[in-house]
Amino acid sequence: MNPAGEGMGPDDFDKLWREPIRFEITIVEVASACRANHKQGQTFSFDWNTPQGICGESFVGMYPLLFSMRIGGDMQMLGSPDRNTRIYTCPSRVVKFMITAREQCPLCGSMEGLESWPIPVGTSQMNLKVCPQCRKIYGCDCAE
Ligand SMILES: [Zn+2]
């Protein structure tokens, strides 16, 4: 497989491109019996696919937050102390999930030293945030 994705199959997609946002969810409170058997301290880490074992109703309920965080929504506008964190309480008001959105290099998954990489797209440009290693590997012929 090459960086252009030629000759790639469905299993290669995750190796070529990751979502630019990775979610970390920690269950911070379980007030009473939970049908999904969630436990305090349980964690989930994912970027695109639904994490295995998470309550379906809770995931559907928190999805608008996840989507907003994925496109850069500021959770401080909803009362969170940080722009990238949010507490979500399940529809049964039993489980509290701490959601954290972190930027990751879409090429390798690294979260270290991400920097903007302007890529020409037609008459405009798209800014990717990539790690310094990937920027070096894949190069950049754009003006800076
Ligand atoms: Zn990278």
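It should be noted that the structure appears before, not after, this text.
These notes cover the structure that comes with them.

## Quick look at the overall build of the protein chain
Item 1. Secondary structure summary: the protein chain contains three helices and six strands in total.
Item 2. The helix and strand sequence of the protein chain, counted from the amino end, reads α-β-β-α-β-β-β-β-α.
Item 3. The long-range fraction of contacts in the protein chain, counting pairs at least 24 apart against all pairs at least 6 apart in sequence, stands at 43%.

## Comments concerning unusual backbone geometry
Item 1. Positive phi values are uncommon outside glycine, yet Asn37 reaches one of about 60°.
Item 2. If you trace the backbone, Asn37 turns up in the loop between strand 1 (21–30) and strand 2 (43–46).
Item 3. The backbone phi angle of Arg93 is positive, close to 60°, even though this residue is not glycine.
Item 4. Topologically, Arg93 is positioned in the loop between strand 3 (85–89) and strand 4 (95–103).
Item 5. Accessibility expressed as a C-beta count within 10 Å gives 9 for Arg93, which makes it exposed.

## Some words on the sheet that holds strand 1
Item 1. Across the sheet, four strands lie side by side as 2-1-4-3; this open sheet has antiparallel pairing. Pairing within the sheet leaves two strands with one partner each, and these edge strands are strand 2 and strand 3. Taken pair by pair, the neighbouring strands of this sheet meet at an average axis angle of 20°, ignoring direction.
Item 2. Each of strand 1, strand 3 and strand 4 is contacted by helix 2 (residues 56–70), which is oriented at about 25° to strand 4, the strand it contacts most.

## Description of the environment of Glu19
Item 1. Along the polypeptide, Glu19 turns up in the loop between helix 1 (13–16) and strand 1.
Item 2. Between the C-alpha atom of Glu19 and that of Gly109, which follows or precedes it by 90 residues, the distance is 8.5 Å.

## Describing helix 2
Item 1. In a regular helix each residue adds 1.5 Å, so 15 residues correspond to 21 Å; helix 2 covers 19 Å between its end C-alpha atoms and thus fits that length.
Item 2. Roughly 45° is the biggest bend found in helix 2, and it falls at Met62, with proline Pro64 one to four residues downstream.
Item 3. Residues Ser58, Met62, Leu65 and Met69 constitute the buried set of helix 2.
Item 4. Buried residues belonging to helix 2 abut strand 1, strand 3 and strand 4.

## Details of the environment of Gly61
Item 1. Among the secondary structure elements, Gly61 is positioned in helix 2.
Item 2. Look at Gly61 and you get partly exposed, because 16 C-beta atoms sit within 10 Å.
Item 3. In sequence terms Gly61 and Tyr88 are 27 residues apart; their C-alpha atoms lie 8.5 Å from each other.

## Quick word on the nonpolar core
Item 1. By size, the foremost hydrophobic cluster in this structure holds 13 residues, and its most contacted members are Phe97 and Ile99.
Item 2. Secondary structure elements with two or more residues in this core: strand 1, helix 2 and strand 4.
Item 3. For this core, the leading source of residues is strand 4, giving four residues.
Item 4. With residues near it in sequence (within four places) discarded, Ile99 still touches Phe23, Ile25, Met62, Leu65, Thr85, Arg86 and Tyr88.

## What about the environment of Gly73?
Item 1. Looking at the secondary structure, you find Gly73 in the loop between helix 2 and strand 3.
Item 2. Sequence separation between Gly73 and Arg83 is 10 residues; the distance between their C-alpha atoms is 7.5 Å.

Cut-offs and rules
- Residues numbered from 1 in each chain as written.
- Predicted model: local features only at pLDDT ≥ 70, side-chain atom pairs only at ≥ 80, totals over all residues.
- Helix = DSSP H or I, 4+ residues; strand = E, 2+ residues; numbered from the N terminus.
- Contact = placed C-beta atoms within 7 Å.
- Buried ≥ 20, exposed ≤ 12 C-beta atoms within 10 Å, placed from the backbone.
- Pairing = 2+ DSSP bridges.
- Axes fitted to C-alpha atoms, helices over the stretch in contact; angles between N-to-C directions.
- Expected span 1.5 Å × (residues − 1).
- Bend = angle between axes of the 7 residues up to and from the residue.
- Core = buried A, V, L, I, M, F, W, Y, C linked by C-beta atoms within 7 Å.

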